[in-house]
Amino acid sequence: MLQRPRRNRKSEVIRQMVQETHVSAANLIFPLFIIEGDNKKSEVSSMPGIYRYSIDNLLREIESCLKLGLNSFDLFPNIDEALKDKYATESYRDESLYLRAIRAVKTNFPEACVVTDVAMDPYSSDGHDGIVENGEILNDETLEVLGKMALAHAQNGADIIAPSDMMDGRVGYIRNVLDDNGFTNVSIMSYSAKYASAFYGPFRDALNSAPKFGDKKTYQMNPANQREALVEANLDEAEGADFLMVKPALPYLDVIKLIKDNTELPVAAYNVSGEYAMIKAAIQKRLAKRAARYNRGTNQHPPCGCQRDINLSC
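Residues numbered from 1 in each chain as written. Predicted model: local features only at pLDDT ≥ 70, side-chain atom pairs only at ≥ 80, totals over all residues. Heavy atoms only, no water.

Quick look at the side chain of aspartate 117
Within the secondary structure layout, aspartate 117 lies in strand 5 (residues 113–118). In this structure, aspartate 117 is buried with no salt-bridge partner, the nearest side chain bearing the opposite charge being lysine 194 at 6.2 Å. If sequence neighbours within four positions are ignored, aspartate 117 has contacts with Asp74, Leu75, Phe76, Tyr98, Pro122, Met149, His153, Ala162, Ser164 and Tyr191. (Helix = DSSP H or I, 4+ residues; strand = E, 2+ residues; numbered from the N terminus. Buried < 20%, exposed > 50% of the residue type's maximum accessible area, 1.4 Å probe, protein only. Lys, Arg positive; Asp, Glu negative; His and termini not counted. Salt bridge = Lys/Arg side-chain N within 4 Å of Asp/Glu carboxyl O. Contact = heavy atoms within 4.5 Å.)

With respect to the environment of tyrosine 276
Residue placement: tyrosine 276 occurs in helix 9 (residues 273–284). Judged by its relative accessible area of 14%, tyrosine 276 is buried. As for tyrosine 276 and proline 202, which are separated by 74 residues in sequence, their C-alpha atoms are 9.2 Å apart.

Overview of the packing of helix 2 (residues 55–67) against helix 3 (residues 97–108)
Running from N to C, helix 2 and helix 3 point in directions that differ by 40 degrees, and their axes come no closer than 10 Å. Here helix 2 lies oblique to helix 3, going by the angle between them. Of the two elements, helix 2 crosses helix 3, and the hand of that crossing is right-handed. Every residue of helix 3 that contacts helix 2 at Ile55, Leu58, Leu59 and Ile62 is listed here: Leu97, Arg100, Ala101, Ala104, Val105 and Asn108. A breakdown of the residues in the contact of helix 2 with helix 3 according to their chemical character gives 8 nonpolar, 1 polar and 1 charged. (Axes fitted to C-alpha atoms, helices over the stretch in contact; angles between N-to-C directions. Parallel < 35°, antiparallel > 145°, perpendicular 65-115°, else oblique. Left-handed = near helix turned anticlockwise from the far one by under 90°. Nonpolar A, V, L, I, M, F, W, Y, C, P; charged D, E, K, R; others polar.)

A closer look at the pairing of strand 4 (residues 72–77)
A large share of strand 4 lies buried, amounting to 6 of its 6 residues. Side chains of strand 4 alternate between two faces, with Ser72, Asp74 and Phe76 and Phe73, Leu75 and Pro77 buried alike. Where strand 1 (residues 28–34) and strand 4 come together, 5 bridges link them in parallel fashion. Looking across to strand 4, one finds that isoleucine 34 is bridged to proline 77. Relative to strand 5, strand 4 is paired through 4 bridges, and the arrangement is parallel. For phenylalanine 73, the partnering residue across the bridge sits in strand 5 and is valine 114. Note that the unit made of strand 4, helix 3 and strand 5 has a crossover that is right-handed. (Pairing = 2+ DSSP bridges. Right-handed = clockwise from strand over helix to strand, strands pointing away.)

Observations regarding helix 4 (residues 139–155)
Here helix 4 spans 25 Å end to end across 17 residues, near enough to the 24 Å set by a 1.5 Å rise per residue. By the burial criterion, the buried members of helix 4 are Thr142, Leu143, Val145, Leu146, Gly147, Met149, Ala150, Leu151, Ala152, His153 and Ala154. Contacts from the buried residues of helix 4 go to helix 3, strand 5, strand 6 (131–133), strand 7 (136–138), strand 8 (160–163) and helix 5 (170–180). Positioned one or two residues after helix 4, glycine 157 has a phi angle of 115 degrees, which is positive. (Expected span 1.5 Å × (residues − 1).)

Notes on unusual backbone geometry
Only a minority of non-glycine residues have a phi that is not negative, and only a minority of peptide bonds are not trans. Here lysine 247 and proline 248 are connected by a cis peptide whose omega angle stands at -10 degrees. Within the secondary structure, proline 248 sits in the loop between strand 10 (243–247) and helix 8 (253–260). Even without glycine at this site, asparagine 134 takes up a positive phi of about 50 degrees. Relative to the elements of secondary structure, asparagine 134 occurs in the loop between strand 6 and strand 7. On the accessibility criterion, asparagine 134 (82% relative accessible area) is exposed. Despite not being glycine, methionine 166 shows a phi value in the positive range, around 70 degrees. Mapped onto the elements, methionine 166 comes out in the loop between strand 8 and helix 5. The buried category is assigned to methionine 166, whose relative accessible area is 4%.

This is the structure in structure tokens:
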């Protein structure tokens, strides 16, 4: 008998009925950048339409997003250089910008889900995700700092801790710190497969967090390696992660699929700053007009199948 798959595509009603992948606002997490001060809102030049907010304006932005059905937010701090040091002590200081921001969001919008970034680079005078000694990133010594940071985030109301540093063993270390201090309900979303990438440039502009020397290739993954991503994901799951993440998203659809096929945990795809900037540039130059119209007209995700569970955008 002749099969005619087009019968299931003949109308919008039927297409929606049989659609396999659905992405809604409930699946999205919005990264937001924070700066010190009052009534401040400064655009990130390399990411048109993306801003750094003082805490008062951050709350206004979150209120607007909640009205649109966007309920989850990942916070990132732009820290004054004078507050940075070798051991990122500003990351867990009681009245730091970041901890005040977490507290303010959860106090004003307890229904919002706050995801927090655990990594040293925004607070480090070296600009790296770990403690640096003689040009080497020290793995185990860094875990203690990450544990203090994660605990401070949980104490101030974080719902999900997201370690982005790529140190070995950090998920298990953070899980133990949280559990030992009574935060068994705080989740961990691990950056399991975080590849070294030039796509992170605009994000580093937003936070002024680029490394002061060298690169991050001794801890972020080699883009040539796929099986290594599965090793990292399996370790994170065994250590107690509640979510696994692939970053960047669009260039690594094969890695997203590989991890999704080998875990029962939710898989997050981080559409990073360089990907965002690239798409915005294409739209501004009218190279992506048709794709933009497609998204506006149908309110659907482009048919790439990349974001199955969670999508972070920017």
